[in-house]
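What follows is each chain in one-letter form.
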Amino acid sequence: MMKKFTGILVSSLFVISAAWAAGGSPTVSSDIEKLGMRLYNDKNMSFNGTQSCRNCHHPFSGFADITNHLDPYTNFVSTGADGVSKGGRNAPSSAYAGFSPILALDEASSEWVGGMFWDGRATGWDLGDPLAEQAQGPPLNPVEMAMPSKDAVIQTIKDSDYVNLWNSVFGTGSLEDVAAAYDNFGIAIAAYERSTDVTKFTSKFDTAVLSDKEEAGRDLFQTNCASCHSITKAFGAPAALFTNYKYANIGVPANDGIPSEGADLGLGPIVGDAAQDGKFKIPTLRNIALTAPYSHNGVFPTLMEMLEFLNDRSVFTPEVEENLSTKVGNMGLTPNQLKEIEAFLMTLTDDY
């Protein structure tokens, strides 16, 4: 792995503390958003009462994993509630995820769009909402929150101090049908993640004039990056999401720090198409300064190292060598141009 920069912890704490202070109190309004916030923050949703959704999707880290953010050189993926288990992928931000559509094949481009998780497996095909389906995954995942069953999750809600709020949202008796209640569990968390407490659009990019260096970076970004990280409004959002919610294999190398029984094939096995092997969901770049480490396997500890890889991947061996994107890897940008792009990306942090 890359050499550790000792100043990262202090500088990161300064950035996230400033962002949190500017953000202020939670900004949830509807009852379903308030319920979703309670569920999102309830550590009793883990088998031993130690972990909530917030642990891996924390506001201080742009709603990605706070532990990984504070030490991205040794923490690449989230640790489960048992304090030992590790997943195989870096936790992405839960902010701005609610605009991602149901997973579908765009016939015009033959590209898959939408879904949730890095591999799109929360398709939205069951609930009509990929974000709600994603929220259902971690509580039952044995290497994450490790709850033994849906019944156990619903019993936790029955025993909670917010059960009356649940009943006001979904109705008295709505916890008796466990399968239906578990669907509503995901729907409520998704409502919170779509609230302005999580999905804010309050960055410098949204609210203020950029410096000359940031503007130069924006121009470079528009030319070199925007085909995947769109800088225009789309998907019904009020401002740019900096993603097209598609999938790509950009040639990321394997992370030796993550135990693996083979190459991570991403989207391919989900849609049953080897032509999609190695492709992972293109993430939003909003709050990118806070969401280290980078890529689906967290192999790049810093934003600049991620940019340098995208600019020139010639010294890296892709984990999956098939289906490589030609849009990155040989961009020909100078070190100063990369710094200008980095400066622009820093303007995407919320609560400016």
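Just above, that's the structure.
Read on for a plain summary of the structure.

Topic: the environment of Ser109
Here comes step 1: For Ser109, the location among the structural elements is in the loop between strand E1 (104-106) and strand E2 (111-113).
Here comes step 2: Along the primary structure Ser109 and Ser93 are separated by 16 residues, whereas in three dimensions their C-alpha atoms are 27 Å apart.

Topic: the packing of aromatic side chains
Here comes step 1: Counting across every chain of the model gives 14 aromatic pairs.
Here comes step 2: Between Tyr96 and Phe201, the ring centres sit 4.9 Å apart and the planes meet at 80°, which makes this aromatic pair edge-to-face. Remark: Phe201 occurs in the loop between helix H9 (178-193) and helix H10 (204-207) and Tyr96 occurs in the loop between helix H4 (66-70) and E1; sequence separation between them is 105 residues. Each member of the pair, Tyr96 as well as Phe201, carries the same accessibility label: buried.
Here comes step 3: In textbook terms, an aromatic cluster arises when at least three aromatic residues are bridged by ring pairs, as seen for Phe205, Phe221, Phe242 and Phe344.
Here comes step 4: Above the face of the Phe117 ring, Arg121 is positioned so that its terminal group lies 3.7 Å from the ring centre.

Details of the pattern of salt bridges
Here comes step 1: One pass over the full model with this rule turns up 10 salt bridges.
Here comes step 2: Here Arg194 makes a salt bridge to Asp129, at a shortest N to O gap of 2.8 Å. Of this pair, Arg194 sits in the loop between H9 and H10 while Asp129 sits in the loop between E2 and helix H5 (130-135), placing them 65 residues apart in sequence.
Here comes step 3: On the accessibility criterion, Arg194 (37% relative accessible area) is partly exposed.
Here comes step 4: Among the salt bridges present, the one from Asp206 reaches Arg286, with a minimum N-O distance of 2.7 Å. One end of the pair, Asp206, is in helix H10; the other, Arg286, is in the loop between strand E4 (280-281) and helix H13 (303-311), with 80 residues separating them in the sequence.
Here comes step 5: In this structure Arg286 comes out as buried when scored by relative accessible area, which is 1%.
Here comes step 6: One network of salt bridges, with partners in common, ties together Arg89, Asp119, Arg121 and Asp264.

Things to note about the packing of helix H2 (residues 31-40) against helix H8 (residues 163-170)
Here comes step 1: Where H2 meets H8, the axes come as close as 9 Å, and the angle between the chain directions of the two elements is 140°. Here H2 lies oblique to H8, going by the angle between them. You can see that H2 and H8 cross each other, and the crossing is left-handed. Every residue of H8 that contacts H2 at Asp31, Ile32, Lys34, Leu35, Arg38 and Leu39 is listed here: Leu165, Trp166, Ser168, Val169 and Phe170.
Here comes step 2: The residue inventory of the contact of H2 with H8, partitioned by class, reads 7 nonpolar, 1 polar and 3 charged.

Focus on the layout of surface pockets
To locate leftover empty space, one rolls a probe as large as a water molecule over the atoms.
Here comes step 1: Of the voids in this model, the largest pocket is the one considered here, and its volume is about 780 Å³.
Here comes step 2: Lining of the largest pocket is provided by 43 residues; of these, Gly87, Gly88, Arg89, Asn90 and Glu144 occupy positions nearest its centre.
Here comes step 3: With 3 residues, the single largest contributor to the lining of the largest pocket is H5.
Here comes step 4: Taken together, the residues of the lining of the largest pocket sort by class into 18 nonpolar, 18 polar and 7 charged.

Thoughts on H13
Here comes step 1: Along H13, 8 of the 9 residues are buried, which leaves the element largely enclosed by surrounding structure.
Here comes step 2: Taken together, the buried positions of H13 are Leu303, Met304, Glu305, Met306, Leu307, Phe309, Leu310 and Asn311.
Here comes step 3: The inward-facing, buried residues of H13 contact helix H14 (335-345).

Procedures and definitions
- Residues numbered from 1 in each chain as written.
- Predicted model: local features only at pLDDT ≥ 70, side-chain atom pairs only at ≥ 80, totals over all residues.
- Heavy atoms only, no water.
- Helix = DSSP H or I, 4+ residues; strand = E, 2+ residues; numbered from the N terminus.
- Phe/Tyr/Trp six-rings, centres within 6.5 Å; stacked < 30°, edge-to-face > 60°.
- Buried < 20%, exposed > 50% of the residue type's maximum accessible area, 1.4 Å probe, protein only.
- Lys NZ or Arg CZ within 6 Å of the ring centre and 35° of its normal.
- Salt bridge = Lys/Arg side-chain N within 4 Å of Asp/Glu carboxyl O.
- Axes fitted to C-alpha atoms, helices over the stretch in contact; angles between N-to-C directions.
- Parallel < 35°, antiparallel > 145°, perpendicular 65-115°, else oblique.
- Left-handed = near helix turned anticlockwise from the far one by under 90°.
- Contact = heavy atoms within 4.5 Å.
- Nonpolar A, V, L, I, M, F, W, Y, C, P; charged D, E, K, R; others polar.
- 1 Å grid on protein atoms, 1.4 Å probe; cavity = no way out; pocket = protein on both sides within 12 Å on 5 of 7 lines; lining within 4 Å.
- Points joined across faces, edges and corners; volume = space filled by probe spheres on them.

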